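Report on the structure
One letter stands for each residue in the lines below.
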Amino acid sequence: MSILGTRVVRTEDPLLLTVGGTYVDDLRVPELAGAARVTFVRSPVAHALITGIDVAAAREAPGVVAVLTVADIDDLPPPPPAPEGEPPPGSEAAPLPMGGPWAEPLLAVDRVRFVGEPVAMVLTDDTYAGEDAAELVSVDYEPLPAVVDLDAAVGGETLLFPAAGTNVAVTAGGPADGSAFDGCDVVVERTIVNQRLAPVSMEGRATAASWADGKLTVWVSTQNAQISRFIFAGAFGLDPAAIRVVAPDVGGAFGAKIGADRDAILVAWAAKHTGRAVRWVETRSENLVGMTHGRAQRQHIKIGGTRDGRILAYRNEVIQDTGAYPRMSGFLPFLTGLMASGPYDIGHVETANRVVVTNTTPISAYRGAGRPEATAAVERAVDLFAAEIGMDPAEVRRINLVPPDKFPYSSGGGAVYDSGEYVKALDQVLTAAGYEELRAEQARRRERGDPLQLGIGLASYVEITAADAAGGETAKVMVHDDGTATVYTGSSAHGQGHHTAWAMLVQGELGIPMERVTVLHGDTDLVPLGTGTYASRSLQLGGTAVHLAAVDVKEQARAVAADLLEASAPDLELDTERGVWQVRGDPASSRTWAEVAAHAGPDGLAADANFTDGQPTFPFGTHLAVVELDTETGKVALIRHVTVDDAGTVLNPLLAEGQRHGGIAQGAAQALLEEMVYDADGNPVTGTLVDYAIVTAAELPSFELLSSETPATSNPLGAKGIGEAGTIGATPAVQNAVVDAVSHLGIRHLDMPATPARVWAAINEATARTATREGQ
Amino acid sequence: MNVTVTVNGSQVEAEVPDRTLLVHFLRDVAGLTATNIGCDTSSCGACTVLLDGRSVKSCTMLAAQADGRSVVTLEGLADGDGELHAVQRAFRAEHGLQCGFCTPGMVMAAVSLLSENPDPSEAEVRTALEGNLCRCTGYHNIVRAVLAAAGERGGR
Amino acid sequence: MIPAPFTYKRASSVDEAVDLVARDGEDAKFLAGGHSLLPLMKLRLAVPQTLVDIGRLGELSYIRDEGDHIAVGAATTHGELASSGLLGRDLPLLAHAAGQVGDPQVRHCGTIGGSLAHADPAADLPAVVLALDATLVARGPAGSREIAAADFFRGLFETALEPGELLTEIRIGKPAAPGWAFQKFTKRAIDWAIVGVAVQGGRVALVNMDQTPVRAVAVESALADGAAPAEAAAHAAAGTSPSEDLNATRAYREHLARVLVRRALEAAQAAG
């Protein structure tokens, strides 16, 4: 039986469970012996001019190696010139930071634009001295009004980038078509908020670097060693060949560690500039303001259709808060627009967006990156529409989901969905959850006025994975003369289990037991070219590349084995159960992989592959959440969560389920708990993990996962991505459940997170409204 | 000051600044890097170790406070022959870890829980892990693993 | 994040601890479990010059049956309180509430004395000792004195302890009325209470409804006048002055106090 599709426990785990991972702070390599510790001095104010920096006292402090400010950055090439004309706004081709007047410096030059912006760096012999010395750096700030509110940003009374003349960095999409909703019996519109979140990977950002003999080595906690190498090369004007980037174990990333950010570039620069090896590991307080945030959209949604439940038109107009610097230009709201209509067959779909800068931490990718925002909006819209026409939200979904015979389906948002069984996923979830009985229980509680009300929330979704499929991924498979194999992959893992998965692929194709397969990644000396892990792309691109390289090696081996056995190649077979080559039907003739590899000559058995896919894939599913809501206090408890997440053919259910579990928890946490809050002056209010409420085990139920596999058509593994699906489906399902729990009070919408205070305020207001009405 | 801590059965002695946190003593003096630092506010539990058999957050304790006492970290959990602890085995079997960063603290918290309550219910496991944050697993398989380890150890 | 430099001293007796702190004056602090003080020091919100460790003094760690009352040593941890059979039988409110403080790791280190002396209005045990009408014993250079719990909490993070005085013991009379309840309302299990309520017999104390833990005097007098729980609970916010923060407006805290007091009184009635 093939190992593919089975529940294989991870090869990564024995080390992680006995001596722990080797994260950047754990590296004890000789190059980093005696490395100086980097402590950043960060802006404590949201918006100000810098009128002076005095580092004299800090330089004199014990243990200080160097104190660096922008004045010391005299050895870097000038930034590339601004692109001619307007950047292609919100296009897939432009997920990069905007240059020109919007350019982001490394260290603040004469102005700071968010709390946490790097202003100076202190290098010390040890960590403890660093924090002491950093307190001695004196920076004079001349405060400017902070732009926090989105309307204030659009209004532009205060500009973050005066040379740009506006706070609106990108505008995309067309004006509303006045007649689009003409044929609708019912139209509902509403402004909703998809709040700002902090990614909070358990390991924050971390970078170490050494510069020796003209070569820069950078160890960085990143999702992409190879991309990082090109970023460093560009920043320092170095030949990429003079740079080695290593991604050691990475303690979570969730999109916020794509490439290398300005802090990482500065740490690497400090090593080159001072000649001393350096290491920086951020604190959580730094992480919550320094690592990019995610989401942060305000959406105006408008949905219309017929009284019998057919949705005819939908519009989603987004204001994307991009924080102090447009690091991803218009990419996130572009994805939101692309996926705007979700899994629904809607005749007329309109999207538009504006990207505005504010005096807050920059926004970038965070688990889902634009798609959770699209899904949350359309799922709220569908429920609003269902409530308006008085139809069960499950029924409205069934009526409007794209039917299986319409694939490939060109969506109103502009995507081409590859394959799907959307209605089947919905029905599977409804049946497993016992939807009818849940509704009956809800009715009973309402009837008896139970203070603990039940809410049932649905979200059907489709998402896009490997959106940049054309970028591809690399792999190399080698079989050695001791019968072992090595996989070199450009796809870096940070918890997903690539080592296990790639070894399974090799065993499945070559019959070499996975414990004899070594997987290497995240070191540009070993794997110079590759893309890395984001956008749920790994298995479908990186896994396929491994598979193709293994197939190539197999065909090479067939020829070698034929020579060895003095038989013709077509007569040979590989027995993948035993891992031996033999003449077809003659087990006695078998030769081991070691024997075949030894016979292969000086070049051995090795194959490279670079798999690029013509199109992304579109996983889909349905989530159903059940909450209990205490109407006296406003507190919500998620008590059940039932899902189908169809990501095509599953390689290892254990790993796929793990991705779903984590995604569901993060998604539910957005609906119920998490929000990065700023006060009116741009000071973070949720700057520690005491106030930024990460969900714990105590707030969650066990999840009920259903299986469904509709193979992708575009890659030989049939795989779609699974890394972000849980998050995308869970957030609106839980949010819809919360609203559903209080819908009998006349409440149609609650913004996220549904904190007790917010839920109680809504109930209070609804009750007062009813009382007033009854009093009239 | 001079601090001596029995770490995983061996005495570790060093002259350290008074303000040295136990987590830095373990990582930088004892050279045991499994124990991680995940926050500044005793919120995340990544730094959890056993002090005289009970779970504590080593980032919120001075090395001086552990002077003369016994600490067990993840590295010391397996027995002398390298036989893994039931909790370690269960975390692997149930896929109770992904990136691994919270894992050392999570495992030690689970070990401490099972020593105080060998037969916890699912709800008790969830509550007992309230001080340990994990961003990858959604806790689902961590809870399964702790329950499985309890079962294996005859708790159930 | 690490504390600013300080000098660490470990006391081998209460007398020595009091001496050591007296010698260093205002810049010296007692260190018990450290779970209130060290987080503040790591964020450099507290910068003492000297820490005097009393965490290991056996003479401060005990739970004793003294006949008409229970005596609890100030360095007894929350975990020890929560698992004490004696408290479980005679002072279940204290045992239960101690089991709700922080998380297991915090309970293994944090002490009742530390929690009371820190006097965070959002902490659980200050309100519990108010509801239990406990007597707190403090020792300073001039000797020992008793302070009624009702007189102990003076303001935000401010107590009746004089500089250099160490809280050594908490004495709690065995309750005459058996009914008790503890309600802690949080966003997450691990969070500090947004509002909390401790009830013992006819005494009701509130967490996080003012600068200090407070007795719900109006509720107590309504109860004394024979009011039913729901009726008495309507007065829960009377005379309080709760703060506003990320988690609650003032109006919401007042509302929560009414709901939680009602629930607590009903539970206490059922338990009694």
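All residue numbers refer to position in the chain's written sequence, counted from 1. Starting at A for chains and at 1 for ligands, labels are handed out in the order in which the entities are written. Selection of residues for local features in this predicted model requires a pLDDT of at least 70, selection of side-chain atom pairs for listing and counting requires 80 or more, and totals for whole chains, interfaces and linings are taken over all residues. Side-chain measures were taken over the full set of non-hydrogen atoms in the model, leaving aside hydrogen atoms and water.

**Regarding the sheet that holds strand β14 (residues 311–321) of chain A**
All names here are of chain A. As a reminder, the rule being used: When DSSP locates at least two bridges between a pair of strands, those strands are taken to pair. In this description a helix means any DSSP run of H or I spanning at least four residues, a strand means any run of E spanning at least two, and both kinds are numbered starting from the N terminus. Each axis is a line fitted through C-alpha atoms, and for a helix only the stretch in contact is used; angles between axes span 0 to 180 degrees, taken between their N-to-C directions. The contact definition used throughout considers only heavy atoms, calling two residues in contact when any of these lie within 4.5 Å.
Spatially, β7-β15-β14-β13-β8 is the arrangement adopted by the 5 strands of the open sheet, whose pairing is mixed. Each of the sheet's edge strands pairs with one partner strand only, and the pair in question is β7 (168–173) and β8 (186–197). Along the sheet, successive strands turn relative to each other by an average axial angle of 10 degrees, direction set aside. Strands in contact with helix α8 (residues 331–338) are β13 (294–305), β14 and β15 (348–356); relative to β14, the strand with the most contacts, it is inclined by about 170 degrees.

**Some points on the domain arrangement of chain A**
All names here are of chain A. Here is the rule: The split of the chain into domains comes from an automatic or database domain assignment. Each of two parts loses accessible area, computed with a 1.4 Å probe, when they are put together; buried area is these two losses added. In the sections that follow, a salt bridge refers to a side-chain nitrogen of Lys or Arg positioned within 4 Å of a carboxyl oxygen of Asp or Glu. A 3.5 Å cut-off defines polar contacts: any pair of N or O atoms within that distance qualifies, except that in protein one atom must be a possible hydrogen donor and the other a possible acceptor, and neighbouring residues in sequence count only when both atoms are side-chain atoms. Charged means Asp, Glu, Lys or Arg here, nonpolar means Ala, Val, Leu, Ile, Met, Phe, Trp, Tyr, Cys or Pro, and polar covers whatever is left, Gly included.
Looking at chain A, the domain boundaries give domain 1 (1–33 + 205–281), domain 2 (294–465 + 616–775) and domain 3 (469–611). A C-alpha centroid distance of 34 Å is found between domain 1 and domain 2. Counting residues at the interface gives 13 residues for domain 1 and 13 residues for domain 2. Interface area for domain 1 against domain 2, summed over the two sides, is near 1,000 Å², with a carbon-plus-sulfur share of 54%. Across the contact surface, domain 1 and domain 2 share 1 salt bridge. Here domain 1 is connected to domain 2 by 4 residue pairs in polar contact (both at pLDDT 80 or more). Of the residues assigned to the side of domain 1 that touches domain 2, the class counts are 6 nonpolar, 3 polar and 4 charged.

**Considerations on the interface of chain B and chain C**
Contacts between the two partners involve 30 residues from chain B and, on the opposite side, 31 residues from chain C. In total, about 2,400 Å² of surface goes out of reach between chain B and chain C, with carbon and sulfur atoms giving 58% of it. Interface area lost by chain B to chain C is led by R19, D40 and E130 of chain B, which between them contribute 28%. At the junction of chain B and chain C, the tally comes to 3 salt bridges. Ionic pairing is found between K57 of chain B and D103 of chain C, a salt bridge with its closest N-O pair at 2.6 Å. Taken together, the links from chain B to chain C amount to 15 residue pairs in polar contact (both at pLDDT 80 or more). Residue contributions to the side of chain B that touches chain C peak at 4 residues, all from strand β4 (residues 54–57) of chain B.

**Regarding the environment of E515 of chain A**
Mapped onto the secondary structure, E515 of chain A falls in the loop between α13 (498–510) and β21 (517–521). Each C-alpha atom, one on E515 of chain A and one on P404 of chain A, is 41 Å from the other, the two residues being 111 residues apart in sequence.

**With respect to the packing of aromatic side chains**
Residues and elements named next belong to chain A. Applied cut-off: Aromatic rings from Phe, Tyr and Trp, with only the six-membered ring used for Trp, were paired whenever their centres fell within 6.5 Å, and each pair was classed as stacked if the ring planes differed by under 30 degrees, edge-to-face if by over 60, and tilted otherwise. Burial classification: accessible surface area is computed with a 1.4 Å probe over protein chains only, and a residue below 20% of its type maximum counts as buried, one above 50% as exposed, and the rest as partly exposed.
The tally for this structure, following the rule as stated, stands at 14 aromatic pairs over all chains. A centroid spacing of 5.2 Å and a plane angle of 85 degrees characterise the contact between F407 and Y422, whose relative ring orientation is edge-to-face. With F407 in the loop between α10 (393–400) and β16 (409–410) and Y422 in helix α11 (residues 422–433), this residue pair connects regions lying 15 residues apart in the sequence. Residue class for F407 comes out buried when judged on its relative accessible area of 17%. Given the relative accessible area of 2%, Y422 is considered buried. With a centroid separation of 5.8 Å and an interplanar angle of 40 degrees, the aromatic rings of Y409 and Y417 are classed as tilted. Classification of Y409 as buried rests on a relative accessible area of 7%. On the basis of relative accessibility, which here comes to 0%, the residue Y417 falls in the buried class. Taken together, the ring pairs in this structure connect W102, F114, F161 and Y325 into an aromatic cluster.

**Description of the pairing of strand β10 (residues 215–220) of chain A**
Residues and elements named next belong to chain A. In terms of burial, β10 is a largely internal element, 5 of the 6 residues being buried. Alignment of strand β9 (residues 206–212) against β10, held across 6 bridges, turns out to be antiparallel. Along β10, the bridge assignment pairs A212 with K215. Following β9, the chain reverses through 2 residues before pairing antiparallel with β10; D213 in that reversal takes a positive phi of roughly 50 degrees. One ladder, built from 4 bridges, connects β10 with strand β11 (residues 243–246); its direction is parallel. Counted as the bridge partner of V218 is V245 from β11.

**Here we look at unusual backbone geometry**
Omega for the bond connecting F407 of chain A with P408 of chain A falls within 30 degrees of zero, at -10 degrees, which places this linkage in the cis form. Residue position: P408 of chain A is located in the loop between α10 and β16. The linkage connecting M752 of chain A with the following residue, P753 of chain A, adopts the cis geometry, with an omega of -10 degrees. Within the secondary structure, P753 of chain A is located in the loop between α17 (725–741) and α18 (756–775). We note that D52 of chain B has phi near 45 degrees; this positive angle belongs to a residue other than glycine. With respect to the helices and strands, D52 of chain B occurs in the loop between β3 (48–51) and β4.

**Concerning the interface of chain B and chain A**
On the side of chain A, 53 residues touch chain B, which itself brings 46 residues to the contact. In this assembly, chain B packs against chain A so that about 4,100 Å² is buried in total across both faces, 57% of it on carbon and sulfur atoms. Interface area lost by chain B to chain A is led by R92, H95 and R135 of chain B, which between them contribute 21%. Linking chain B to chain A there are 5 salt bridges. For the pair chain B and chain A, the number of links is 30 residue pairs in polar contact (both at pLDDT 80 or more). The set of elements that each furnish at least two residues to the side of chain B that touches chain A consists of α1 (22–29), α3 (86–93), α4 (103–116), α5 (122–128) and α6 (140–152) of chain B. At 4 residues, α3 of chain B tops the list of elements feeding residues into the side of chain B that touches chain A. Here the side of chain B that touches chain A is built from residues that sort into 18 nonpolar, 17 polar and 11 charged.

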